[in-house]
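Secondary and tertiary structure notes
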There are 2 protein chains.
Amino acid sequence: MSTNNKPTTVSKPLSLRSVTVTDNFWKHQMELVRKEVIPYQWDALNDRVPDAAPSFCMRNFKIAGKITKARREQGAAYEERIWPLKTFETLPEDINNMEDRFYGFLFQDSDFAKWIEAVGYSLTQHPDAELEQIADEAIDIVCAAQQDNGYLDTYYIINDMSKIFTNLRDNHELYCFGHLTEGAVAYYQATGKDKLLNAARRYADFIYDNFGYEDGKLRGYPGHEIAEMALIRLHEVTGDSKYLELCNFFLDERGVKPYYFDKEHPEVVKKGHENDDRYHYHQAHLPVREQTEAVGHSVRAVYLYSGMADAARLNHDEKMFEACEKLWDSITNKKMYITGGIGGTHLGEAFSFNYDLPNDTAYAETCASIGLVFFARRMLEMKIDNKYSDVMERAFYNGILSGIALDGKSFFYVNPLEVLPEACHKDERKRHVKPIRQKWFGCACCPPNITRLLSSISTYAYTENEDTFFVHMYMGGEIDKVVGNDSVHFSIDSDFPWNGKASIKASLDKPLSYTLALRIPGWCNSYTVDGINDMANCSEIKNGYLYITREWTDGDTVTLNFDMPVKLMQSNTLVRENEGKLAVMRGPIVFCLEEADNGKHLHNLSIDPGIPANATMFDDLGLPMSKITMQGRRYKSSACSDNLYKEYSPASDYEQVTLTYIPYFAWNNRGEGEMQVWSSFVR
Amino acid sequence: MSTNNKPTTVSKPLSLRSVTVTDNFWKHQMELVRKEVIPYQWDALNDRVPDAAPSFCMRNFKIAGKITKARREQGAAYEERIWPLKTFETLPEDINNMEDRFYGFLFQDSDFAKWIEAVGYSLTQHPDAELEQIADEAIDIVCAAQQDNGYLDTYYIINDMSKIFTNLRDNHELYCFGHLTEGAVAYYQATGKDKLLNAARRYADFIYDNFGYEDGKLRGYPGHEIAEMALIRLHEVTGDSKYLELCNFFLDERGVKPYYFDKEHPEVVKKGHENDDRYHYHQAHLPVREQTEAVGHSVRAVYLYSGMADAARLNHDEKMFEACEKLWDSITNKKMYITGGIGGTHLGEAFSFNYDLPNDTAYAETCASIGLVFFARRMLEMKIDNKYSDVMERAFYNGILSGIALDGKSFFYVNPLEVLPEACHKDERKRHVKPIRQKWFGCACCPPNITRLLSSISTYAYTENEDTFFVHMYMGGEIDKVVGNDSVHFSIDSDFPWNGKASIKASLDKPLSYTLALRIPGWCNSYTVDGINDMANCSEIKNGYLYITREWTDGDTVTLNFDMPVKLMQSNTLVRENEGKLAVMRGPIVFCLEEADNGKHLHNLSIDPGIPANATMFDDLGLPMSKITMQGRRYKSSACSDNLYKEYSPASDYEQVTLTYIPYFAWNNRGEGEMQVWSSFVR
């Protein structure tokens with residue numbers, strides 16, 4: 001924060017091209033994404049994956065391109081074919097003989113955008129001429145669909161152009177625009193190629209011309225937020241203030257009464273309820289600066305809050321920043337799972353009420369945790385405080401990584417903290433909880449989100465300002481940083497997450513003054529810093545970061561060693577579901593019990609917290625990782641012939657057992673089985 | 001069971017007119033029903049209750065009567081007015097200016113039938129000329145609606161007679177017929193008046209003529225079962241075997257492939273799934289004799305199983321009886337709440353899978369527990385075994401009685417075992433759980449079911465055969481029983497449920513030989529029997545009943561004293577939700593914690609099972625009842641400002657407290673607040 005307390009930019013991510021991720025753990029994940037998921041996504045976009053729900057994404061763009069071309073060439077002679085504005089519930093029998101109409105979900109276009117964004121990031125880490133060519137050709141297809149006026153959403157281009165922007169609440173145009181823009185910026189920043197960026201600009205200009213306060217303009221805003229944060233990126237890469245202006249317009253208008261969505265959908269306004277607050281699902285119930293509680297659809301929420309944080313920073317908007325802080329607190333102190341998952345209920349894929357965090361019916365959508373990371377990083381751009389980066393790290397290593405199988409070939413949309421496969425199959429209330437990861441989804445937002453996030457991970461791990469390099473998450477990398485007219489090259493080594501050792505070595509032509517700001521993880525009770533002689537004079541700790549400001553010379557290496565004992569965690573007692581239960585953590589990793597290691601009926605197990613745990617490494621799952629064993633009890637299962645209820649008798653109702661925990665992100669890589677994060681304990 | 005093992009009648013309920021209930025506890029409830037609910041129901045049927053969902057029941061009958069009269073009088077000249085077959089989602093604005101069309105739910109007719117049934121029972125306990133007149137006038141209105149051919153369902157009489165019996169799966173005609181018949185039989189048995197009984201017979205004859213195996217007849221069966229058990233009652237009161245035949249037809253055809261409901265609703269049959277089992281919701285997935293697991297909508301299920309038990313008994317059908325036994329076991333050993341509630345999920349108001357018994361999202365519909373009592377009594381008619389009567393008693397005193405407020409003025413449809421009012425208001429998954437009882441419901445099945453059940457309670461408490469009097473539940477009453485050519489008058493005194501003392505005194509003109517069969521409650525570990533000198537020679541215990549066979553003389557009194565200590569109960573460990581928890585019982589009563597006595601955050605309380613409990617009587621709630629105090633712990637609530645997660649530290653995290661339990665049936669008579677039946681305990 002600046003000295004007069006107005007929010008401003010205190011740190012920014014480094015350009016992806018300045019960072020090469022070399023970290024053992026994360027490079028492995030990034031390579032998985034590059035080799036498995038990006039090609040797989042491309043096949044999915046082109047409906048080439050057998051046994052997976054077809055995407056129709058590229059097909060729609062090609063058809064839109066044909067229509068756009070015909071409209072342009074035939075002008076008034078072109079015979080419009082109007083299709084009804086509806087999506088298909090079930091797929092056509094013969095996928096090869098389908099009409100030239102729009103198929104799939106309203107937001108299908110964004111499948112391409114998320115893919116191109118991930119491709120852009122990936123190319124900065126691993127140049128690939130073949131992939132780049134495929135990307136360029138895809139961009140050509142997409143740009144061919146763009147209308148002359150800049151509009152670019154295939155749902156309306158194919159169906160009925162007279163209806164554009166008539167259903168902002170539901171029909172995802174501005175959502176697709178947002179993703180398109182993010183993808184275009186990423187590809188441009190990675191390759192220097194601006195064809196898609198220009199298309200995004202033209203679309204943004206068209207939106208800018210159609211939305212606003214003047215007569216004839218729409219005073220609306222997105223039903224599914226993302227355009228806000230995307231417009232900020234467009235503004236920052238082009239320097240054009242109109243995109244910031246448009247973002248501000250969307251943020252200022254949202255939630256203002258009379259509601260824009262009421263105008264679009266007057267039928268929802270019931271007699272006697274005209275003045276009620278509505279649209280919590282869309283976070284459009286109140287003006288954004290007045291919102292204090294995270295409500296509604298979780299992904300929409302965190303995308304909105306990310307845009308709000310960006311706007312607070314660029315506009316130096318104190319009220320906006322305060323709202324962001326309150327919303328951050330609402331999520332992380334009242335509505336977040338220990339895994340960094342958010343969204344306690346599948347109804348609306350939404351936040352539940354404070355402290356309502358059921359483990360078995362958790363929604364905890366992968367995309368929502370990813371959005372939480374977006375929000376965290378943007379807060380770090382205004383204020384360096386480990387409360388943000390602790391959550392960011394927690395989500396990365398747990399609730400997000402659980403979304404992708406260890407082999408990169410299947411995904412979780414929903415990330416529960418307790419699973420009974422029988423319930424997933426038989427209980428409608430848990431139908432949203434899949435007991436195994438899926439190869440693809442009809443609504444395929446999570447895999448591409450994982451892809452674009454992991455491919456750009458360095459923009460979350462590190463940020464900088466002119467003279468400070470911030471390390472928020474410890475991961476191995478080679479970083480080039482400019483300091484004034486000079487530069488420094490950092491070589492970071494890290495043993496995270498299995499070991500708390502990390503080192504940052506500076507390579508310099510000549511001595512240079514700058515600051516290293518190193519996060520002290522909130523989970524760490526004790527650590528050592530080595531390599532700096534005069535620490536007392538040149539360092540201070542502020543908001544969970546160790547700042548070392550000095551003149552550095554070539555080869556200077558700071559080595560940190562964060563103690564990583566096994567920790568037992570408890571919830572705030574207002575979390576009813578976790579009464580009498582503990583979770584197991586070590587460093588940033590949350591652990592869990594699986595049936596494969598502990599047998600059925602995990603609920604009968606109880607940790608004995610009095611006996612120290614044991615942590616070892618194992619690699620049965622194909623990746624070296626920590627395994628934790630604890631001593632505890634197994635309460636004896638009743639024989640199936642036992643009555644349902646009987647008088648309590650305490651005598652010898654348990655046996656001593658060893659409980660085996662594996663990292664939560666690695667669960668469900670050995671087939672269907674029970675799992676739980678929170679277990680009862682012997683008090 | 002007879003000696004050759006085929007099911008047959010071993011006991012039957014006594015005529016209601018032979019029994020006068022004098023029991024303190026149950027007479028109070030019956031008077032509440034008679035004075036509060038029966039008049040209130042009549043007002044509801046006539047849409048005279050402000051602030052309650054209108055019933056339209058009598059209105060529909062009156063309109064149907066007008067139409068029937070016009071059809072009869074005008075013959076071919078009558079101008080049919082066809083209304084679409086749909087029900088109204090919302091009510092018309094002006095209830096007084098509504099058209100002469102059908103309003104309300106498809107099953108609205110049954111509101112009258114349940115009312116008249118309760119009236120009939122009530123008149124046997126408390127003659128009331130004014131009520132009888134109102135009842136007779138209501139019967140006139142209903143009979144005036146009957147078609148000349150006997151058909152009597154106002155939905156089709158008013159809307160479109162050409163469509164009768166075209167949607168057996170959904171449109172509740174046979175359900176309404178069933179309730180009408182039960183009501184008609186009850187009123188006849190109470191008053192000797194047979195106008196409604198004759199109407200029911202004519203309707204039954206019409207159904208008999210239209211259903212069957214011959215060409216042109218319908219090979220269908222009810223979508224919502226009850227006609228089966230109703231037809232048995234009609235058969236037994238008229239002696240006409242065609243009604244047993246029709247019942248058997250419905251039971252034999254149900255669940256046979258190809259499914260009748262598929263024929264009615266071909267659109268549900270998906271390609272590739274033609275041979276799948278379906279209609280579990282209606283227990284029509286398999287032929288009934290092959291069913292082994294209780295599935296689907298709970299009320300439908302127990303009504304079906306009741307009809308199956310009746311049929312097994314009258315037809316001496318071994319396979320049917322075996323199926324009943326398996327279904328009984330499935331419910332009571334795998335799918336029943338400790339309160340006698342059944343139905344674990346609101347989705348389909350249905351049974352969940354084995355051992356899935358969530359406390360907070362329980363459905364446990366009052367009507368379903370009532371149906372379980374119907375089933376239990378019918379099993380007792382074939383086999384005397386306290387496994388049936390224990391459950392019957394459990395349901396009566398707990399899951400059924402909780403359905404009605406202590407003042408008789410409001411009701412619960414759903415009976416959860418754990419309530420957090422905040423969740424009821426904010427969590428869609430608990431929307432079916434009301435935190436306070438309601439005055440009436442749109443689907444008003446539970447209050448009338450409570451009414452008819454409580455008004456006929458003696459037919460559950462006692463049964464008989466020629467020379468044996470069976471006591472299944474202990475309640476005060478004056479009973480006249482015929483033995484051969486003689487008779488005996490029993491005077492029963494009972495202190496249940498607060499005290500285990502009961503006595504049965506015989507008044508005889510001359511000594512008489514007969515058997516008293518007295519249930520030994522399954523919850524009782526120790527009891528005494530007094531008043532009989534030569535017990536060893538004249539008594540035996542069989543299947544939980546004490547049989548005393550001797551020559552009795554006038555004034556002979558058997559006094560039983562069933563020990564009623566406070567008991568802590570545990571669940572089968574396969575019930576995940578109750579892991580580490582105990583419930584409190586005393587005699588037949590299940591107890592619970594309420595916020596009014598114990599403060600908020602009941603989940604932080606823990607019973608210390610090592611310290612004896614204390615039972616006292618109190619009457620703060622207007623009715624004398626038992627209160628139980630236990631010693632235990634309150635785990636300290638985190639301050640609201642606390643983090644969501646922190647490292648576990650055991651030191652001084654609790655305080656010693658006294659836990660106060662009240663009877664579960666009495667919960668929620670002091671306003672909204674938390675409640676729980678199962679609490680954690682100190683292991």
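Keep in mind that what you see is a predicted model, and the values were worked out from it rather than measured. Within each chain, residues carry numbers counting from 1 in the order of the written sequence. Chain letters and ligand numbers both follow the written order, the letters beginning at A and the numbers at 1. A pLDDT threshold of at least 70 governs which residues receive local features in this predicted model, and a stricter bar of 80 or more applies before side-chain atom pairs are shown or counted, although totals over entire chains, interfaces and linings include all residues. Side-chain numbers here rest on the full set of heavy atoms in the structure, without hydrogens or water.

**Details of the overall build of chain A**
By the criteria applied, helices consist of DSSP H or I runs no shorter than four residues and strands consist of E runs no shorter than two, each listed in order from the N terminus. A count of helical and extended segments in chain A gives 19 helices and 23 strands. For a compact globule of 683 residues, the expected C-alpha radius of gyration is about 26 Å, and chain A comes in at 26 Å, within 12% of that figure. Between buried and exposed lies partly exposed: a residue is buried under 20% and exposed over 50% of the maximum accessible area for its type, with that area taken using a 1.4 Å probe on protein chains only. When the 683 residues of chain A are sorted by exposure, 63% land in the buried category. Expressed as a percentage of contacts within chain A between residues at least 6 apart in sequence, the contacts between residues at least 24 apart total 71%. With residues, only the protein chains shown are counted as cover, and all accessible areas are computed by Shrake-Rupley using a 1.4 Å probe. Entry remark: accessible area of chain A is about 24,600 Å², with carbon and sulfur atoms responsible for 46%. Under the convention used here, Asp and Glu are negative, Lys and Arg are positive, and both His and the chain ends fall outside the count. Positions of charges follow a simple convention, taking NZ of Lys, CZ of Arg, CG of Asp or CD of Glu. For chain A, the centre of its 73 positive side-chain charges and the centre of its 98 negative side-chain charges are spaced 2 Å apart. A radius of gyration in this sense is built from C-alpha atoms; the matching globule rule multiplies 2.2 Å by the number of residues raised to 0.38. We call two residues in contact when some of their heavy atoms are within 4.5 Å.

**So, the pattern of salt bridges**
Salt bridge, as used here: a side-chain nitrogen of Lys or Arg that lies within 4 Å of a carboxyl oxygen of Asp or Glu. In the structure shown here, the tally under the stated rule is 108 salt bridges over all chains. Between B:K383 and B:E325 there is a salt bridge whose closest N-O contact spans 3.2 Å. Of this pair, B:K383 sits in the loop between helix 13 (366-380) and helix 14 (386-400) while B:E325 sits in helix 12 (residues 318-334), placing them 58 residues apart in sequence. B:K383 gets classed as buried once you look at its relative accessible area, which sits at 18%. For B:E325, a relative accessible area of 17% gives the class buried. Among the charged side chains, a salt-bridge network with shared partners connects A:K12, A:E236, A:D310, A:R313, A:R377, A:R378 and A:E381.

**Focus on the pairing of strand 7 (residues 486-494) of chain B**
Residue and element names in this part refer to chain B. A pair of strands is labelled paired if DSSP reports no fewer than 2 bridges between them. Pairing between strand 6 (residues 477-483) and strand 7: seven bridges, direction antiparallel. Following the sheet pairing, K481 is matched in strand 7 by V488. The turn linking strand 6 back onto strand 7 is made up of two residues, and G484 within it adopts a positive phi angle of 60°. As defined by bridge partners, strand 7 adjoins strand 8 (residues 501-507) across six bridges and the pair is classed as antiparallel. Bridge pairing links D493 to S503 in strand 8.

**Description of the domain arrangement of chain A**
Frequently, the measure chosen for interface size is the accessible area removed from exposure when the parts meet. All names here are of chain A. Looking at chain A, the domain boundaries give domain 1 (297-456), domain 2 (460-562) and domain 3 (566-681). Annotation comment: domain bounds sourced from an automatic or database domain assignment. Centre-to-centre separation of domain 1 and domain 3, based on C-alpha positions: 24 Å. Put simply, buried area is how much 1.4 Å-probe accessible surface two parts lose in total, over both of them, once they are put together. Across the domain 1 to domain 3 interface the summed buried area is about 2,500 Å²; carbon plus sulfur atoms make up 60%. Counting the contacts that link domain 1 with domain 3 gives zero salt bridges. Polar contact criterion, stated in full: a pair of N or O atoms within 3.5 Å, where within protein one must be able to donate a hydrogen and the other to accept it, and residues adjacent in sequence count only if both atoms are side-chain atoms. Connecting domain 1 to domain 3 are eleven residue pairs in polar contact (both at pLDDT 80 or more). Contributing elements (two or more residues each) for the side of domain 1 that touches domain 3: helix 14 (386-400), strand 3 (418-419) and helix 15 (421-426). By residue number, the principal contributor to the side of domain 1 that touches domain 3 is helix 14, which donates five residues. All amino acids are sorted into three groups, where Ala, Val, Leu, Ile, Met, Phe, Trp, Tyr, Cys and Pro are nonpolar, Asp, Glu, Lys and Arg are charged, and the leftover types, Gly among them, are polar. Class assignment for the residues of the side of domain 1 that touches domain 3 results in 16 nonpolar, seven polar and five charged.

**Remarks on the interface of chain B and chain A**
Facing the 64 residues of chain B at the interface are 63 residues of chain A. Where chain B abuts chain A, roughly 5,500 Å² becomes buried across the two surfaces, and 53% of that area is made up of carbon and sulfur atoms. Here chain B and chain A share six salt bridges between them. Its salt-bridge partner being A:K567, residue B:E647 comes within 3.3 Å of it at the nearest N-O pair. Joining chain B to chain A, the criterion identifies 25 residue pairs in polar contact (both at pLDDT 80 or more). Counting only elements with at least two residues in the side of chain B that touches chain A, the list comes to helix 12, helix 15 (421-426), strand 14 (566-571) and strand 20 (645-647) of chain B. The element best represented in the side of chain B that touches chain A is strand 14 of chain B, accounting for five residues. Considering only residue class, the side of chain B that touches chain A consists of 25 nonpolar, 18 polar and 21 charged. With three bridges joining them, strand 20 (residues 645-647) of chain A and strand 14 of chain B adopt antiparallel strand pairing.

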